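Below, each chain spelled out in residue letters.
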Amino acid sequence: SGHGKSRLIQELCTSHEIPHLFICFRPSTSTGFPLRTRRIADFLTTSPSQQKCDALLQAVLGVFCQATEQESDSATAFEMWENYKNKNVGSLEDEIYKRAIGLVERTSTASIDDLTPSPFVFVFDEASELLKATESDESDSSSFHMLRSSLRYYNSGVFAIFTDTLSTITPAPTVKKDPSSRGSLSQKLFAPFHLVVNIDTFNPPRDLDAAGIQQELTPSHLVTKGRILWASIVLGMKRAERHRESANYNTTDEQLLAQTSPDDWLSVIELAAAKLVGRQFGSEWSVDDLSRVACLSVLSARAQLSIAPISDSSSVSVGSHLATCVSISHNQDAVFSMYPSEPA
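Note that the structure is predicted; figures quoted are calculated from it, not measured.

Looking at the packing of helix α2 (residues 38-45) against helix α5 (residues 92-106)
Between α2 and α5, the shortest axis-to-axis distance is 8 Å and the interhelical angle comes to 25°. Comparing the axis directions of α2 and α5 gives the class roughly parallel. Where α2 approaches α5, its residues Arg38, Arg39, Ile40 and Phe43 are matched on the opposing element by Glu93, Asp94, Ile96, Tyr97, Ala100, Ile101 and Val104.

See the structure below:
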């Protein structure tokens, strides 16, 4: 949690100028970030249907095509889409939602050929929410299966990424549930594609003199230490401020982070405390409200305790209490986790 899955995808799409849309299905009671894309997530997960999945994809691509339909010698489709998203930060979700509702109510769909930009990436974060089976479907179909079925029709440049932070080890899907699964591999794990070093990404360690050490203790530098989440929170707040002020959007991360104030740093600490004990940011809680795993997590972060890897507490601490999974046993019965040193 907080190690940069969402940020990694964002940076990948941005660096290669790939138009994309981020949709988060995080539960509304979660302490995580980014926040739930409420209207779209509710639309897709409340009484889910194949028609809703079709309508959502068409609504998003319809808005994208509308935003980039004017040919420009000075701006690419990516730049036009980013500019449109920035100018409509508070209304883009509503625009997509209303368009999707209209498609469902009309029970008609636009031509897919007219809505196939190349390329476009859908990013579905906290996607385990989509795996919940529909109550009325005996085949155990879920929003995920229906959404994947809808995506099959876009075979020219449209790509979807599903991400999540899971607190338990999930075995490979059976052939009954997923016809694309490789049954001959049984329950073996796939080797990881990448091992990403994502601590202190915004401010890598370096040799410092006395003045440099003092500068590292300021809020604008402290927020860049540890996992990516802390700096991303501040960047989100600063971009929101610039949006409210109608300021220039072409400001680098480094320039925004340099504006970090003590109040911003306190907000990060409060968020870190809430996530560590598994509480919603901004809600009231006391020590008496904390679970056994939450208490162990607080102690582990302070005293570097090691929780037995075969304990349920180890996997729960990864999924809900900021622990970092560093390894999973070959037979999938143990999760090895730790708490890296962080200023937050």
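Thoughts on a nonpolar patch on the surface
On the surface, Leu208, Ile213 and Leu217 cluster together into a nonpolar patch covering about 270 Å² of accessible area. As for its position among the elements, Leu208 is in the loop between β3 (158-162) and α7 (210-216). Looking at Leu208, the relative accessible area reads 37%, which means it is partly exposed.

Here's the deal with the environment of Val223
Position of Val223 relative to the elements: it lies in the loop between α8 (219-222) and α9 (228-244). Taking the C-alpha atoms as reference points, Val223 and Trp265, separated by 42 residues in sequence, lie 6.7 Å from one another. Among residues more than four places away in sequence, those in contact with Val223 are Trp230, Ala231, Val234, Leu257, Thr260, Trp265 and Val268.

Observations concerning α2
Taken together, the buried positions of α2 are occupied by Ile40, Ala41, Phe43 and Leu44. Buried residues of α2, seen end-on, are gathered within an arc of 160° and therefore sit on one face of the element. Looking at the buried residues of α2, the elements they touch are β1 (20-24), α3 (50-67), α5 and α6 (143-151). Directly beyond the C-terminal end of α2, a positive phi value near 50° is found at Ser47.

Details of the environment of Ser149
Assignment of secondary structure puts Ser149 in helix α6. Note: C-alpha distance between Ser149 and Asp54 (95 residues apart in sequence) is 8.8 Å.

What counts, and where the lines are drawn
Residues numbered from 1 in each chain as written. Predicted model: local features only at pLDDT ≥ 70, side-chain atom pairs only at ≥ 80, totals over all residues. Heavy atoms only, no water. Axes fitted to C-alpha atoms, helices over the stretch in contact; angles between N-to-C directions. Helix = DSSP H or I, 4+ residues; strand = E, 2+ residues; numbered from the N terminus. Parallel < 35°, antiparallel > 145°, perpendicular 65-115°, else oblique. Contact = heavy atoms within 4.5 Å. Patch = residues over 30% accessible without salt bridge, like charges linked within 9 Å, V, L, I, M, F, W, Y side chains within 5 Å. Areas by Shrake-Rupley, 256 points an atom, 1.4 Å probe, with all protein chains shown as cover. Salt bridge = Lys/Arg side-chain N within 4 Å of Asp/Glu carboxyl O. Buried < 20%, exposed > 50% of the residue type's maximum accessible area, 1.4 Å probe, protein only. Arc of directions from axis to C-beta.

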